[in-house]
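So the chains spell out like this:
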Amino acid sequence: MILLRRRHPVRSAIVLLLALVALLAAAMAVDDGRFWLRYLGRTPAMLGLSSASSNAIPSVRAVIKGDPRALIPHCVPNATLGAALNDADGWMAAHKTEAFLVWHDGCLVHEHYMTGTAATPRAAGAMAKSLMALVAGRAIHDGYLSGLDQPVSDHLAEWRGDGRRAIRYRDLLSMHAGLAWYHQTNSPFGDFQRIIIGGDYVPRILALPRVATPGQLYDYSAWTYDILGIALARAGHHRYEQLASDLIGRPLGLSDERIFVDRPGGTVHGNCCLFGRADDWVRLGAFLVDESRTPKLLPPGYVAAMRTGHPDQPNYGMGVWLGSPFQRQRAMVSAHNPYPNPVKSVVAQSAPFLAPDVMIMEGVEQNKVWVIPSRGLVIVRFGKGPKQWDDAVVPNMLMKAL
């Protein structure tokens, strides 16, 4: 007599499900296991189930080394400037500011940490682009690059066989590269997520096609600065973090900075996610002021090129935002961009700046540095993103006092 084994549908379904999960896990590991683990970690935020940003990045950091031996000189401001600094400090404190520093003509005249201390690492976000623009300028000065109009394909062999060979370093710095549109999406199969959190993003980002004439169309894109970091590293024959250490971090006496890297020992994301002390940004702003007056470590005319806009986005130069021309709602993107999901962020400003040469190094949550060479003024702000913001209030308050 043959006994038939009784089937257990639930057990069979569980076995099948586990087999499918194992198969999926194996496929993910072969594809890019590091990416899938990161993607699954941010899925709750993308589904609205947690408050964390869906664009949060992993905590893998490379170090840009500094040499902070000399302190920034401190000065006591005169009565007029002192009163304006007190008013500005009150405005900043009321707008979720956590660190507020002001440098004027060679010395620090105000330094207030509402939270933490001078040594507290603070998130500079996209201000990493400003740092990279300075690294690029030093690379030209030291002969790693021949100039802003050098083709990037001189250092990216992947671009030599197609229309991307016409893209210049100037085009990357000004976000006019003409590469595939920066389309933000939560899909794990598109370029956006794969480049942002992939375990090795270089092959994918260097495969992005050209879709517009270089130098003609502005596109606010992290990709251009990621690519710029890769090209600078190849031009300088060192990893980007080492190049930035040698050309900017140590010469300017910065503290050690930490920046997002795709994997341990991998490639820096030079566009974003830089962490360091607030007073390091005083040093960087002061460097820009000094170099705009008498170039020593940057090529002649480089700072002027940094603060030159384009017809389709006059408020972005090279690695810095520009305070002129005046815009009540300074948009991150150009209205001419044809891509479907543009970055819609704007910065509100109630009045024109009182100086025409304001440059702004700007990051996440209104963290920023206003650099005003004509007034010898640098203003640094770190904190949380306030509901109401006015970019002109504090700079104009202090410029009136001067």
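Draft legend 1. Fine view of the state of the cysteines. Applying the stated criterion across every chain yields a total of 2 disulfides. Two residues share a disulfide in this structure: C75 and C107, whose sulfurs sit 2.0 Å from each other. Disulfide C75 to C107: torsion about the S-S bond roughly -120 degrees, handedness left-handed. With C75 in the loop between β1 (61–64) and α2 (79–93) and C107 in strand β3 (residues 107–113), the pair connects residues that are 32 residues apart, well separated along the chain. Take C107: its relative accessible area is 7%, and that puts it in the buried class. The disulfide that involves C272 links it to C273, with 2.4 Å between the sulfurs. Across the disulfide from C272 to C273, rotation about the S-S bond amounts to roughly 70 degrees, and the bridge is consequently right-handed. Since its relative accessible area comes to 10%, C273 is described here as buried.

Draft legend 2. Quick look at unusual backbone geometry. S324 connects to P325 through a cis peptide bond whose omega is 5 degrees. When you line up the elements, P325 lands in the loop between β7 (321–322) and β8 (329–331). One non-glycine residue, M175, adopts positive backbone phi at about 60 degrees. The residue M175 is located in the loop between α4 (169–173) and α5 (191–197) in this model. You will see that E365, though not glycine, has its phi angle at about 55 degrees, which is positive. Relative to the assigned elements, E365 resides in the loop between β10 (359–362) and β11 (368–372). When its relative accessible area of 38% is taken as the criterion, E365 is described as partly exposed.

Draft legend 3. Spatial organisation of the packing of α2 against helix α11 (residues 393–401). Running from N to C, α2 and α11 cross one another at 170 degrees; their axes reach a closest spacing of 8 Å. In terms of their interaxial angle, α2 and α11 are classed as roughly antiparallel. Of the residues in α11, those in contact with T80, L81, A84, L85, D87, A88, W91 and M92 of α2 are V393, V394, M397, L398 and A401. Looking at side-chain class alone, the contact of α2 with α11 contains 11 nonpolar, 1 polar and 1 charged residues.

Draft legend 4. Fine view of α11. By the burial criterion, the buried members of α11 are V394, P395, N396, L398, M399 and A401. On the buried face of α11, the contacting elements are α2, β2 (97–104), β11 and β12 (377–383).

Draft legend 5. How the structure looks around the packing of aromatic side chains. All told, the structure shown has 9 aromatic pairs when counted by the stated rule. Taken together, F35, W36, Y39 and F189 form an aromatic cluster joined through their ring pairs.

Draft legend 6. Representation of the packing of helix α3 (residues 128–141) against helix α8 (residues 240–249). The geometry of α3 relative to α8 is characterised by a closest axis approach of 9 Å and an angle of 70 degrees between their N-to-C directions. Taken together, the axes of α3 and α8 lie roughly perpendicular to each other. Only Y240, L243, A244, L247 and I248 of α8 make contact with α3, whose side of the interface consists of L131, M132, L134, V135, R138 and A139. Residue composition of the contact of α3 with α8, by class: 10 nonpolar, no polar and 1 charged.

Draft legend 7. Highlighting the pattern of salt bridges. Within the structure shown, the criterion is met by 18 salt bridges. The residue D142 makes a salt bridge to R138 at a minimum N-O spacing of 3.0 Å. Classification of D142 by relative accessible area gives partly exposed; the value is 36%. Residue class for R138 comes out buried when judged on its relative accessible area of 6%. With its nearest N and O atoms 2.9 Å apart, the salt bridge here joins D149 to R170. With a gap of 21 residues between them, D149 in the loop between α3 and α4 and R170 in helix α4 connect regions that are remote in the sequence. On the basis of relative accessible area, D149 is assigned to the partly exposed category, the value being 43%. Through salt bridges with shared partners, one network takes in D149, R168, R170 and D171.

Draft legend 8. Region of the structure containing the side chain of E291. Topologically, E291 is positioned in helix α9 (residues 278–293). Although E291 is buried, it forms no salt bridge, and the closest oppositely charged side chain is K296 at an N-O distance of 5.7 Å. A distance of 3.0 Å separates the side chain of E291 from the backbone nitrogen of K296, its partner in a polar contact. Setting aside chain neighbours within four positions, we find E291 in contact with K296, L297, L298 and V303.

Draft legend 9. Main features of the sheet that holds β10. Taken together, the 6 strands give an open sheet; going across it, the order is β3-β2-β12-β11-β10-β7, and neighbouring strands pair in antiparallel fashion. Two strands bound the open sheet, and with one partner strand each, they are β3 and β7. Across 2 bridges, β7 lies against β10 in antiparallel orientation. Bridging across to β10, L322 finds its partner in M359. Packed onto the sheet, α11 meets β2, β11 and β12 and runs at close to 150 degrees relative to β12.

Calculation rules
- Along each chain, the written sequence defines residue order, and numbers are assigned to residues from 1.
- Only residues with pLDDT of at least 70 get local features here, since the model is predicted, and only at 80 or more are side-chain atom pairs given and counted; chain-wide, interface and lining totals rely on the full set of residues.
- Just so you know, side-chain values use all the structure's heavy atoms and leave hydrogens and water out.
- By convention in this document, the label disulfide applies to cysteine sulfur atom pairs within 2.5 Å.
- Segments assigned H or I by DSSP are reported as helices when at least four residues long, segments assigned E as strands when at least two residues long, and all are numbered from the N terminus.
- Each residue is placed in one exposure class: buried if its accessible area under a 1.4 Å probe, protein chains only, is under 20% of its type's maximum, exposed if it is over 50%, and partly exposed if it falls in between.
- Angles here are taken between N-to-C directions and fall from 0 to 180 degrees, while the axes themselves are lines fitted to C-alpha atoms, restricted in helices to the stretch in contact.
- Oblique is the label for any angle not under 35 degrees, not over 145, and not in the 65 to 115 range, which are roughly parallel, roughly antiparallel and roughly perpendicular in turn.
- In what follows, residue pairs with any heavy atoms lying within 4.5 Å of each other are defined as contacts.
- Ten residue types, Ala, Val, Leu, Ile, Met, Phe, Trp, Tyr, Cys and Pro, are classed as nonpolar, four, Asp, Glu, Lys and Arg, as charged, and the remainder, Gly among them, as polar.
- Only Phe, Tyr and Trp rings take part, Trp by its six-membered ring, and two of them pair if their centres are within 6.5 Å. Stacked means planes under 30 degrees apart, edge-to-face means over 60, and tilted covers everything else.
- When a carboxyl oxygen of Asp or Glu is within 4 Å of a side-chain nitrogen of Lys or Arg, the pair counts as a salt bridge.
- In this tally, Lys and Arg are treated as positive and Asp and Glu as negative; His is ignored, and so are the chain termini.
- Any pair of nitrogen or oxygen atoms within 3.5 Å is treated as a polar contact; in protein, a donor-acceptor pairing is required on top of that, and neighbouring residues in sequence qualify only through side-chain atoms on both sides.
- When DSSP finds at least two bridges between two strands, those strands are taken to pair.

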